[in-house]
Amino acid sequence: MLVFDRVDYDYRQEKPVLRQLSFGIHPGEFVAVIGANGSGKSTAAKLMNGLLQPRKGEVRLGTLNTLNREDLLKIRERAGLVFQNPDDQFITASVLDEVVFGLENLRVPRPEMSRRASAALRAVQMEAYEDAAPHQLSGGQKQRAAIAAVIAMQPDILILDEATSMLDPQGRQELLQLLRRLHRQGQTIIHITHHMDEVLAADRVLLLSHGELAYDGPPARLFSKDTIAGQPLELPFAARLFQALDLEVPVQADWKETIEQLWAMR
Ligand SMILES: Nc1ncnc2c1ncn2[C@@H]1O[C@H](COP(=O)(O)OP(=O)(O)OP(=O)(O)O)[C@@H](O)[C@H]1O
Ligand SMILES: [Mg+2]
């Protein structure tokens, strides 16, 4: 279990970024993290894998604690982070090297290494770009390669910080399908996104507002009239439709099914 226990963080003392942030994420959960620009999402992501340490409070992964230096290597192996800006991620000269690099660090045996690297590149439709240099790739291709490098490492927790921001609609759809598939196989996923339609793919949503937790619950309830008020959120299409029809947005809904039923009632 990943635990944030009353976490405070600031980059400069006079400007707190996260305040008393507490939540727990169980193995196998698919959690979306949303919030306005500057609300602290990327900061929270970096605290999750020990790139940053809390000023106050603790971040724990099972028995590991990001405040313990000797735990950090294990934490980074177990909590794989895909960065918001894919340029920050690359350290090697080719796409394949990038994926293999992480596996070498984990001391994965050679034959398995190449099997895992190929499977990860295939999963993000990047197998044709194995030998390409990262700077030759488009933004979306870089993002795909960065995702492949992290999923090949098979982390316990997969953390994606706006990893779909540069993908075209089909690329986003494919990534979302990949995430759902991994989730069905038991993968814990933390998906930071501004796309409300992606939020519906998650079991649970955390909404950050000025570094505090403003909502923690199922996606359907987030879009009901009471919780959405005052939050800078764009509603997903299905929720907009319900509100336009002046209907209460259903909690725990299978959206597609509910809309089909509504049409059938006409
Ligand atoms: N390296 C840094 N140095 C100083 N301040 C920073 C740094 N990184 C982030 N901040 C500040 O911390 C706050 C939270 O930033 P963060 O990147 O966590 O937000 P975010 O929710 O990820 O936003 P976005 O949706 O734009 O990605 C912002 O006010 C930002 O200016
Ligand atoms: Mg961010």
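Preceding this paragraph is the structure being described.
Residues numbered from 1 in each chain as written. Chains lettered and ligands numbered in written order. Predicted model: local features only at pLDDT ≥ 70, side-chain atom pairs only at ≥ 80, totals over all residues. Heavy atoms only, no water.

1. Thoughts on the side chain of E29
Part 1: Structurally, the position occupied by E29 is in the loop between strand 2 (15-25) and strand 3 (30-35).
Part 2: Polar contacts involving the side chain of E29 include one to the side chain of R204, which spans 3.0 Å.
Part 3: The residues contacting E29, other than those within four sequence positions of it, are G24, H183, Q187, T188, I189, D203 and R204. (Helix = DSSP H or I, 4+ residues; strand = E, 2+ residues; numbered from the N terminus. Polar contact = N/O pair within 3.5 Å; in protein donor to acceptor, adjacent residues only side chain to side chain. Contact = heavy atoms within 4.5 Å.)

2. Things to note about the coordination of the magnesium ion (ligand 2)
Part 1: Distances from the magnesium ion (ligand 2) to its protein donors, namely S42 (OG) and Q84 (OE1), fall within the range 2.0 to 2.3 Å. Separated by 42 residues along the polypeptide, S42 in helix 1 (residues 41-48) and Q84 in the loop between strand 6 (79-82) and helix 3 (95-105) bring together distant segments of the chain.
Part 2: Overall, the relative accessible area of 33% leaves Q84 in the partly exposed class. (Donors = N, O, S within 2.8 Å, 3.2 Å for Na, K, Ca; no water. Buried < 20%, exposed > 50% of the residue type's maximum accessible area, 1.4 Å probe, protein only.)

3. Considering the packing of helix 3 against helix 4 (residues 110-123)
Part 1: Direction vectors running N to C along helix 3 and helix 4 enclose 130 degrees, while the axes themselves pass 10 Å from each other. For the element pair helix 3 / helix 4, the angle class is oblique. Considering how the two elements wind past one another, helix 3 and helix 4 form a crossing that is right-handed. Between helix 3, through V95, L96, V99, V100, L103 and E104, and helix 4, the contact on the second element is made entirely by R110, M113, R116, A117 and L121.
Part 2: A breakdown of the residues in the contact of helix 3 with helix 4 according to their chemical character gives eight nonpolar, no polar and three charged. (Axes fitted to C-alpha atoms, helices over the stretch in contact; angles between N-to-C directions. Parallel < 35°, antiparallel > 145°, perpendicular 65-115°, else oblique. Left-handed = near helix turned anticlockwise from the far one by under 90°. Nonpolar A, V, L, I, M, F, W, Y, C, P; charged D, E, K, R; others polar.)

4. Some remarks on the nonpolar core
Part 1: Residues I34, I147, L160, L179, V199 and L222 are the most contacted members of the largest nonpolar core, which totals 48 residues.
Part 2: Only strand 3, helix 3, helix 4, helix 5 (139-152), strand 7 (157-161), helix 6 (169-184), helix 7 (196-199) and strand 9 (204-209) provide two or more residues apiece to this core.
Part 3: Element by element, the count of residues in this core is highest for helix 5, at eight residues.
Part 4: Sequence-distant contacts of V199, that is, excluding residues within four places in its chain, are made with A32, I34, T193, V205, P219, L222 and F223.
Part 5: Counting 28 residues, the second-largest nonpolar core is a separate cluster that includes L2, F4, V7 and L47. (Core = buried A, V, L, I, M, F, W, Y, C linked by side-chain atoms within 4.5 Å.)

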